[in-house]
Amino acid sequence: MCQYAQVIVDVPTRQTNQPYTYKIPAAYQGEIKPGMRVIVPFGKGGRKIQGFVVGLIGPEELIYEEHLLKTLIQPLDFTPVLNQEALQLADWLAETTFAFKISCLQVMLPNVMRASYHKTIRLLDQDVPVEIKALFQKQNEIPYDDVTDAKLLRQLVKLRQANKVEIVYHVKDRAQKKMVTAIQKQVTNEEIVSLKTQIPKNAVKQAQLLDFLASVSQTTILQSEAQVQSGLTAADFKTGAKKGWLKQIKVEKYRDPYADTEFKTTIPKSLTPSQTTAVQSVTQAMLQQQAETYLLQGVTGSGKTEVYLQIIAEALAQKKTALMLVPEISLTPQMVQRVRSRFGQQVAVLHSGLSDGEKYDEWRRVEEKQAQVVVGARSAVFAPLENLGVIIMDEEHESSYKQDEMPRYHARDVAIWRSQYHGCPVVLGSATPALETRARAQKDVYHWLQMPDRINGQAMPPVKLVDMREALKEAPAPDISQELLTAIKQRLAKKEQVVLMLNRRGYSSFMLCRECGFVLKCPNCDISLTLHMDTHSMKCHYCGHEEAIPQTCPQCQSRKIKYYGTGTQKVQEELAKLLLTARVLRMDVDTTRRKGAHEKILQQFGNHEADILLGTQMIAKGLDFPDVTLVGVLNADTALGLANYRASETTFQLLTQVSGRAGRADKKGEVIVQTYNPEHYAIQWAQAHDYESFYRKEMQVRHLLGYPPYYFTIKITVSGNDQLSASKKIHEIYRELQTVLSKDALMLGPTPQQIMRINNRYYFQLVIKYKFEKNLEQYLKNLLVKSQTDEKAGIKLVIDRNPLNFI
DNA sequence: AGCACGCCGACT
DNA sequence: GTCGGCGTGCTC
């Protein structure tokens, strides 16, 4: 029967969110299946683009006249790259996150499977002007991008109409499997004996080769390995192939990012009673194929990782697969090693540090069922595991689980969707669960598993608050109180290590004129420039603008323009002055930009090559250094000042997490927190290590102010090249929403964003708070498709469901 | 992106 | 009355 393909196409600009129907060439009838990538012609120019087949229909289902349909050009895959689950998940993602279907399909695949497009110009007739001939030189086809001259481009357009040149579109699949040579023995050992008598006496290499072949028992061996083992060269094997002794074949090679790392195997540790309960509850659900969600709330050091590992082991024992999600930042070699050393080669690791090729290889190892366990960051939630036994999400409160570009999904929601598809449990682990997660556990939507005690029975380290309003008066340096300095000196004397954290979010050093109050700002964004001592320049963190450090104030010419505020570089200088001999390692976005720099710094610190590790938020996560006995937080509360409804929650989580870094082994730890808001409840309850009290207090606040989890929220952001058009658009949406929404819904705004201008774009936002709105979804879906027409006028619209921050 | 359609101003 | 300017809309 003749079939037609329903294809979601990857149109670079306009997205329709609706499939297009294509004829399937006779040669491919029956070959094309849903989930395959295909190349299709699109638009008047006959340009080729990539698309995904999402369904097949018969002639009776055509709603479009047959002769109007185009024919797809070719499939890009032999077998579907997206299975039925992925296709359904993509539909759900598009619906719930207000995203284009194509972006949902693409997000599930490694980057290299997104085709690259390029155009070439082909010369069809030699009768063209000299300058065009010069352009082509001797070739008759050149890349389109080589033509930059506008005059030549106009000429080419004319020539094209005269059929003297044509534009050829290319779709290139960037997914390249790496192939290597392997050899297969073609002769038996008996034959080798007789062959050896037949070869010339001086053919030493051939004799060696025959001896080697006699010694191998495997049917297939990599030639590179054979060369090492036999001491022969590639040429010798080629001779062998010519003589028919062996066959050379090409086999797929996976680029193993952990090839040189050795892993010691570890055995499961014995569990505490609360760990045992957790493991048993989850494995029971796994056995009965129940799609239940568990909140595993365990304090730092309560042994959550061991629980994860034993649950994964149980999944494997039940011949199922397991998916473990961790925040990107804690996907350190330490973490990977812990999983790898338990499950070895069955583990595939997916994170941003891998090259595109490596990611593709790991993805294929999963797809081809060579790996049963996947450990990875956010996007790994789409790993093509079949027969899932469990999904684990460590540090489930982390904001990096939410993608901040389309599709704006939260990995937690995807994990729960997949668990329902597979009938398997989800484990959400955290010491400081997101408020909505903890609230769902309260309402029995999730099962609540608690691990309140540390494994080694140690108490949480004492946390001391230093009121900087007072302490600043006699502080030895602007960012370091006397109390903290004394504590640091004590540790250094005992050869113990110190971790200092600078909470830098939304706060850094900028240039301020003490004479006239002038602040040096970015010319493109409404934000002050940040001082970078390493490059001796002023940089904008939003658009990358860079300029020289001013010597005099541009406004009043005073020389009293100085930096103000706190940065890790500045603190490092202060430390150097106060502690002449201390070795300080700095870790922030600037020192970790290079690939592998992050790991290197941690390794150096672990090897005691430094006494103090000074860094931003990134040092708070999942690090485990036994000799760290003091953790100092230099400024606990800058995040509280930000106008964001989750400020208290993130501050509490950060402080609790960083406190857990002190005294993990047998040595007693201490935490010192410098703050200007010592009486704030987030800081008070963090000091007391009391999540429950914080949770109750914060829930009250959210209830009072009508924030999540009491309300659903959707944030609409409009940005434009000029302030007026963006403002007009958001007000237009606001007026429309007034007619769409019921009386129970609330709207915040429209307001200009915190930083109204970024990279010369103006941002406005509008937040909708609601409990149930039957018309809202449909309105927003239409708005999304309609909004594309405004993009030509430079107006961009973003719809974000459950945004992680808004004013 | 690229091409057609369509509605206003300067021209044969 | 016609040519062509490019604003607008659509692509199976």
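Keep in mind that this is a model prediction, so the values were computed, not measured. (Residues numbered from 1 in each chain as written. Chains lettered and ligands numbered in written order. Predicted model: local features only at pLDDT ≥ 70, side-chain atom pairs only at ≥ 80, totals over all residues. Heavy atoms only, no water.)

(A) Here's a closer look at the protein's contact with DNA strand C. If you check the shell around DNA strand C, you find R14, Q18, Y20, T21, Y22, F42, G43, Y64, L68, L69, K70 and K792 and nothing else. A breakdown of the atoms of DNA strand C within 4 Å of the protein gives sugar and phosphate a share of 42%. Here Q18 contributes a side-chain N or O atom positioned 3.5 Å from a base nitrogen of DNA strand C. Take T21: an N or O atom from its main chain is 2.6 Å from a base oxygen of DNA strand C. The element contributing the most residues to the surface near DNA strand C is strand β2 (residues 20-23), with 3 residues. Here the surface near DNA strand C is built from residues that sort into 6 nonpolar, 3 polar and 3 charged. (Near = heavy atom within 4 Å. Polar contact = N/O pair within 3.5 Å; in protein donor to acceptor, adjacent residues only side chain to side chain. Helix = DSSP H or I, 4+ residues; strand = E, 2+ residues; numbered from the N terminus. Nonpolar A, V, L, I, M, F, W, Y, C, P; charged D, E, K, R; others polar.)

(B) Representation of the UniProt feature "binding site: Zn(2+) 1" (unreviewed entry) in chain A. With numbering matched to this structure, UniProt assigns "binding site: Zn(2+) 1" (unreviewed entry) to C513, C516, C553 and C556. A stretch of 44 residues holds the annotated residues, and the largest C-alpha distance among them is 8.7 Å, short enough that they meet in one place. Inspection of the secondary structure assignment puts C513 in strand β22 (residues 510-513). Beyond its immediate chain neighbours, meaning those up to four positions away, C513 contacts F518, C553, C556, S558, K560 and I561. Looking at the secondary structure, you find C556 in the loop between β25 (546-548) and β26 (561-564). Note on C556: relative accessible area 31%, which makes it partly exposed. Non-local contacts of C556, meaning those with residues more than four positions away in its chain, are made with C513, E515 and C516. (UniProt positions renumbered as here; feature names shortened; annotations may be inferred. Contact = heavy atoms within 4.5 Å. Buried < 20%, exposed > 50% of the residue type's maximum accessible area, 1.4 Å probe, protein only.)

(C) Local environment of the packing of aromatic side chains. Applying the stated criterion across every chain yields a total of 11 aromatic pairs. Measuring from centroid to centroid gives 5.0 Å for F382 and Y409, while their planes differ by 70°, and the two rings are edge-to-face. Here Y409 lies in the loop between β17 (388-393) and α13 (411-422) and F382 lies in the loop between β16 (373-376) and β17, a separation of 27 residues in the sequence. Accessibility classification places F382 together with Y409 in one group, the buried group. Pairwise contacts between aromatic rings join F652, Y681, Y691, F694 and Y695 into one cluster. (Phe/Tyr/Trp six-rings, centres within 6.5 Å; stacked < 30°, edge-to-face > 60°.)

(D) Structural detail: helix α22 (residues 691-705). Here α22 spans 21 Å end to end across 15 residues, near enough to the 21 Å set by a 1.5 Å rise per residue. Burial in α22 covers these residues: Y691, S693, F694, Y695, E698, M699 and R702. Its buried side turned inward, α22 meets β13 (293-298), α14 (435-442), α20 (647-659) and α21 (681-687). The N-cap of α22, judged by a side-chain oxygen 3.3 Å from the amide nitrogen of E692 a few residues on, is D690. Positive backbone phi, approximately 70°, marks G706, located one or two places after α22. (Expected span 1.5 Å × (residues − 1).)

(E) Structural context of the sheet that holds strand β7 (residues 116-123). Taken together, the 3 strands give an open sheet; going across it, the order is β8-β7-β9, and neighbouring strands pair in antiparallel fashion. For this open sheet the edge positions go to β8 (141-143) and β9 (165-172), each flanked by a neighbour on one side alone. When the angles between neighbouring strand axes are averaged without regard to direction, this sheet yields 30°. Two strands pair when backbone bridges link them, and β7 and β8 are joined in this way by 3 bridges, in the antiparallel orientation. Following the sheet pairing, I121 is matched in β8 by I142. (Pairing = 2+ DSSP bridges. Axes fitted to C-alpha atoms, helices over the stretch in contact; angles between N-to-C directions.)

(F) Geometry of the sheet that holds β25. If you walk across this open sheet you meet the 3 strands as β23-β24-β25, and the pairing is antiparallel. Of all the strands in the sheet, just β23 (530-532) and β25 have a single pairing partner and so form its edges. The sheet shows a mean angle of 35° between the axes of neighbouring strands, taken without regard to direction.

(G) Molecular detail of the pattern of salt bridges. Under the definition given, this model contains 26 salt bridges. Ionic pairing is found between D91 and K101, a salt bridge with its closest N-O pair at 4.0 Å. On the criterion of sequence distance, the pair formed by D91 in helix α1 (residues 84-97) and K101 in helix α2 (residues 101-107) is long-range, its members being 10 residues apart. Here K101 falls in the partly exposed class, since its relative accessible area comes to 23%. Among the salt bridges present, the one from R438 reaches E692, with a minimum N-O distance of 2.9 Å. With a gap of 254 residues between them, R438 in helix α14 and E692 in helix α22 connect regions that are remote in the sequence. Overall, the relative accessible area of 2% leaves R438 in the buried class. Looking at E692, the relative accessible area reads 22%, which means it is partly exposed. One connected set of salt bridges, linked through shared partners, spans K464, E483, R491 and E670. (Salt bridge = Lys/Arg side-chain N within 4 Å of Asp/Glu carboxyl O.)

(H) Local environment of the environment of A439. Along the chain, A439 falls in helix α14. What makes A439 buried here is its relative accessible area of 9%. C-alpha separation for the pair A439 and Y360, spaced 79 residues apart in sequence, amounts to 38 Å.

(I) Local environment of the confidence of the model for chain A. Within chain A, residue pLDDT values average 85, and 94% of them lie at 70 or more. The element-level mean pLDDT for chain A is lowest in helix α19 (residues 638-641), coming to 64, with α13 highest at 98. (pLDDT = per-residue confidence, 0-100.)

(J) Focus on the domain arrangement of chain A. Along its sequence, chain A is organised into domain 1 (4-113), domain 2 (118-170), domain 3 (179-252), domain 4 (273-451), domain 5 (463-508 + 565-702) and domain 6 (712-801). Computed over C-alpha atoms, the centres of domain 1 and domain 2 are 32 Å apart. (Domains from an automatic or database assignment.)

(K) Spatial organisation of the packing of helix α23 (residues 723-740) against helix α24 (residues 776-787). Remark: α23 packs on α24, axes separated minimally by 10 Å, with the N-to-C direction vectors making an angle of 155°. Judged on the interaxial angle alone, α24 and α23 are roughly antiparallel. Note on packing geometry: the crossing formed by α23 with α24 is right-handed. Here I733, E736, L737 and V740 of α23 come into contact with α24, specifically with L776, Y779, L783 and K786. Partitioning the contact of α23 with α24 into residue classes produces 6 nonpolar, no polar and 2 charged. (Parallel < 35°, antiparallel > 145°, perpendicular 65-115°, else oblique. Left-handed = near helix turned anticlockwise from the far one by under 90°.)

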